Amino acid sequence: MALFKPDACFARVTRIDVQRDLVSCGLSTVLLDIDNTIRSRADNEVPRDVREWLARCRDAGVGVCLLSNNWHGNVFDLAEELGLPIIAKAMKPLAPGYLFALREMHARARATVVVGDQLFTDVIGAKALGLRTYLVEPLAEVDLPHMAMLRHVERALVNA
């Protein structure tokens, strides 16, 4: 069951305190999901507070790499706009995307946290590699059709 248990849960990515929840925990790298974690599926926008949180990470010396299963051009445009590296087509929960991101960031696994809104991709894949995980609530209720069904199972597992 450890694969199904994130290290911490937050209402939203901006509730992760950069100093307390990252720096003080020895975390210097964040592998960050995109869709419904930092960009709402409802309007495809990155909210202002999320942009400010990313700036606080940068100011604190915490490296951030976008890690997404999305392969559309807009994720590459977003990465460029935010000035962040990206591993797209990551095929989470499979290991290669996480490993590519660690290599891209020159990061140590023990100093890295994966932040995302999905238990079955973001958390399980990271946990299988021994990475720390922070699960956040999705930014919007709008989701891919298959995810609506999985969200109920995820909630039951996280709250078990």
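K.L.:
Please set out helix α3 (residues 73-82) residue by residue, giving values where relevant.
P.N.:
One turn of the α-helix equals 3.6 residues, which is why residues spaced by three or four share an orientation. Listing the buried residues of α3 in full gives Val75, Leu78, Ala79 and Leu82. Each buried residue of α3 sits inside an arc of 100° when the element is viewed along its axis, so together they form one side. Of the residues in α3, the exposed ones pointing more than 90 degrees away from the buried face are Asp77, Glu80 and Glu81. Elements that come into contact with the buried residues of α3 comprise α2 (48-59), β3 (63-67) and β4 (86-87).

K.L.:
With reference to specific residues and values, describe the pattern of salt bridges.
P.N.:
Opposite charge on two side chains makes pairing possible when the charged atoms of those side chains draw close. Inspection of every chain in the model, using the stated rule, returns seven salt bridges. One salt bridge connects Asp49 with Arg12, and the closest N-O pair in it is separated by 2.8 Å. Taken together, the residues span a long stretch of sequence, with Asp49 in helix α2 and Arg12 in the loop between β1 (8-10) and α1 (18-22) at a distance of 37 residues. Looking at Arg12, the relative accessible area reads 24%, which means it is partly exposed. Residue Asp33 is joined to Lys92 by a salt bridge in which the shortest nitrogen-to-oxygen separation is 2.9 Å. With Asp33 in the loop between β2 (29-32) and α2 and Lys92 in the loop between β4 and α4 (95-105), this residue pair connects regions lying 59 residues apart in the sequence.

K.L.:
Describe α4, listing the residues and the values that go with them.
P.N.:
Within α4 the residues assigned to the buried category are Gly97, Tyr98, Ala101, Leu102 and Met105. Along α4, the residues classed as buried sweep out an arc of 135° about the axis, all on the same side. Residues of α4 that are buried in the fold lie against β2, β3, β4, β5 (112-116) and α5 (119-128). His106 lies just past α4 and shows a positive phi near 50°.

K.L.:
Lay out the sheet that holds β5 with the relevant residues and their values.
P.N.:
Ordered in space as β1-β6-β5-β2-β3-β4, the six strands form an open sheet in which the pairing is parallel. Two strands bound the open sheet, and with one partner strand each, they are β1 and β4. Pairing analysis gives three bridges linking β1 to strand β6 (residues 132-136), with the strands arranged parallel. Paired with Cys9 across the bridge in β6 is Leu135. Sheet strands touched by α5: β5 and β6. Its angle to β6, the strand with the most contacts, is close to 165°.

K.L.:
Please provide a residue-by-residue account of the environment of Asp7, values included.
P.N.:
Along the chain, Asp7 turns up in the segment before β1. Overall, Asp7 belongs to the partly exposed group, its relative accessible area being 42%. It is 10.0 Å that separates the C-alpha atoms of Asp7 and Val114, two residues lying 107 residues apart in sequence. A polar side-chain atom of Asp7 sits 3.1 Å from a polar atom in the side chain of Lys127.

K.L.:
An account of unusual backbone geometry is needed here, citing residue identities and associated values.
P.N.:
Looking along the chain, the bond that leaves Lys92 and enters Pro93 is cis, with omega of 15°. Here Pro93 lies in the loop between β4 and α4. Phi is positive for Lys89, close to 50°, though the residue is something other than glycine. Position of Lys89 among the secondary structure elements: in the loop between β4 and α4.

Conventions we followed
Residues numbered from 1 in each chain as written. Predicted model: local features only at pLDDT ≥ 70, side-chain atom pairs only at ≥ 80, totals over all residues. Heavy atoms only, no water. Buried < 20%, exposed > 50% of the residue type's maximum accessible area, 1.4 Å probe, protein only. Helix = DSSP H or I, 4+ residues; strand = E, 2+ residues; numbered from the N terminus. Arc of directions from axis to C-beta. Contact = heavy atoms within 4.5 Å. Salt bridge = Lys/Arg side-chain N within 4 Å of Asp/Glu carboxyl O. Pairing = 2+ DSSP bridges. Axes fitted to C-alpha atoms, helices over the stretch in contact; angles between N-to-C directions. Polar contact = N/O pair within 3.5 Å; in protein donor to acceptor, adjacent residues only side chain to side chain.

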